[in-house]
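Notes for the structure review
These are the residues of each chain, in order.
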There are 2 protein chains.
Amino acid sequence: MNSLFKALSHPVRRRIIAMLRKGPLASGDIAAAFDMSWPTITGHLNALKEAELVSTERDGQSIRYRLEISAVEEALAFLMDLSGTGETKEEDHHD
Amino acid sequence: MNSLFKALSHPVRRRIIAMLRKGPLASGDIAAAFDMSWPTITGHLNALKEAELVSTERDGQSIRYRLEISAVEEALAFLMDLSGTGETKEEDHHD
DNA sequence: GTTGCATTTAGCGAATACCCTAATTAGTTT
DNA sequence: AAACTAATTAGGGTATTCGCTAAATGCAAC
């Protein structure tokens, strides 16, 4: 949980996560979207992976990074608990 | 927004926020709850304040720190956007 | 096995974060 | 104003983070 928020604390990593929202991407595609060296991006991807915010799978010679929604939801749960969203209120619907 | 997640990235600061959920507290009360020096806690409070996660008001000679829910909700909005905003199909998590 | 492409690891310097103690500011009371 | 309390700022040591370049690894095709 600590690594989760730590991973979220860097703008580049948040941007990577936002990119991944549309679907999995290869490391190179991600690196190409930034004005930084590829190894630097790999470092950020490792941070995201350690926080279990992304998972990886090989696809031939490239490696696909996929967003792990469950980790995002874990952070969400923490913040919702702080703000009171989703409980202690009568607003409740589940469809 | 960057300082928001950065503020959230430290366990002590998250714990402070959790304490403040129940209501405003003086700096000294917060510092007393931790096994760290008071100036260190002041540093964390400053980080929270810069992220606008807390606001302060004087109360005589002490200063009261209050949780600013709107900042929490801002983080919440970011994460909800990533996850698909409350389309929870099943609640199956254990912490 | 060697060449070539995609990606990661290794190693390093600079900047930032974290924690401490000592000194200082701000407000209250006398 | 001086003494007392609450809280912050200043300064410094160490750990961690962030970015880079160069070298290494993994896979696929020849």
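What comes next is a walk through the structure. Predicted model only: the values in this text are computed from it and were never measured. (Residues numbered from 1 in each chain as written. Chains lettered and ligands numbered in written order. Predicted model: local features only at pLDDT ≥ 70, side-chain atom pairs only at ≥ 80, totals over all residues. Heavy atoms only, no water.)

Another aspect to go through is the sheet that holds strand 2 (residues 54-59) of chain A. Hydrogen bonds between backbone atoms are what pair the strands of a sheet, whose relative direction is either parallel or antiparallel. All names here are of chain A. The three strands lie next to each other as 1-3-2, forming an open sheet whose pairing is antiparallel. Each end of this open sheet is capped by a strand with a single partner; those strands are strand 1 (25-26) and strand 2. As judged from the six bridges shared by strand 2 and strand 3 (residues 62-67), these two strands associate in the antiparallel manner. Within the sheet, the bridge partner assigned to S55 lies in strand 3 and is R66. (Pairing = 2+ DSSP bridges. Helix = DSSP H or I, 4+ residues; strand = E, 2+ residues; numbered from the N terminus.)

A separate point is the pairing of strand 3 of chain A. Residue and element names in this part refer to chain A. Pairing geometry for strand 1 and strand 3, over two bridges, is antiparallel. Bridging across to strand 3, L25 finds its partner in Y65. The antiparallel hairpin formed by strand 2 and strand 3 contains two residues in its connecting segment, where G60 sits at a positive phi of about 70 degrees.

Next up on the list: the side chain of R13(A). Residue and element names in this part refer to chain A. Note that R13 resides in helix 2 (residues 11-20). Put simply, R13 is tucked away with no salt bridge, and the nearest opposite charge, on E50, sits 9.3 Å away. For R13, the contacting residues outside a window of four places in its chain are K6, A7, H44, A47 and L48. (Buried < 20%, exposed > 50% of the residue type's maximum accessible area, 1.4 Å probe, protein only. Lys, Arg positive; Asp, Glu negative; His and termini not counted. Salt bridge = Lys/Arg side-chain N within 4 Å of Asp/Glu carboxyl O. Contact = heavy atoms within 4.5 Å.)

Right, let's get into the protein's contact with DNA strand C. Near DNA strand C lie 22 residues; those nearest to it are S27(A), Y65(A), K6(B), T40(B) and H44(B). Taking the atoms of DNA strand C that fall within 4 Å of the protein, sugar and phosphate contribute 77% of them. Within the side chain of Y65(A), one N or O atom sits 2.4 Å away from a phosphate oxygen of DNA strand C. Secondary-structure elements contributing two or more residues to the surface near DNA strand C are helix 3 (27-32), helix 4 (38-50) and strand 3 of chain A together with helix 4 (38-50) of chain B. Looking at the surface near DNA strand C residue by residue, the class counts come to seven nonpolar, twelve polar and three charged. (Near = heavy atom within 4 Å. Polar contact = N/O pair within 3.5 Å; in protein donor to acceptor, adjacent residues only side chain to side chain. Nonpolar A, V, L, I, M, F, W, Y, C, P; charged D, E, K, R; others polar.)

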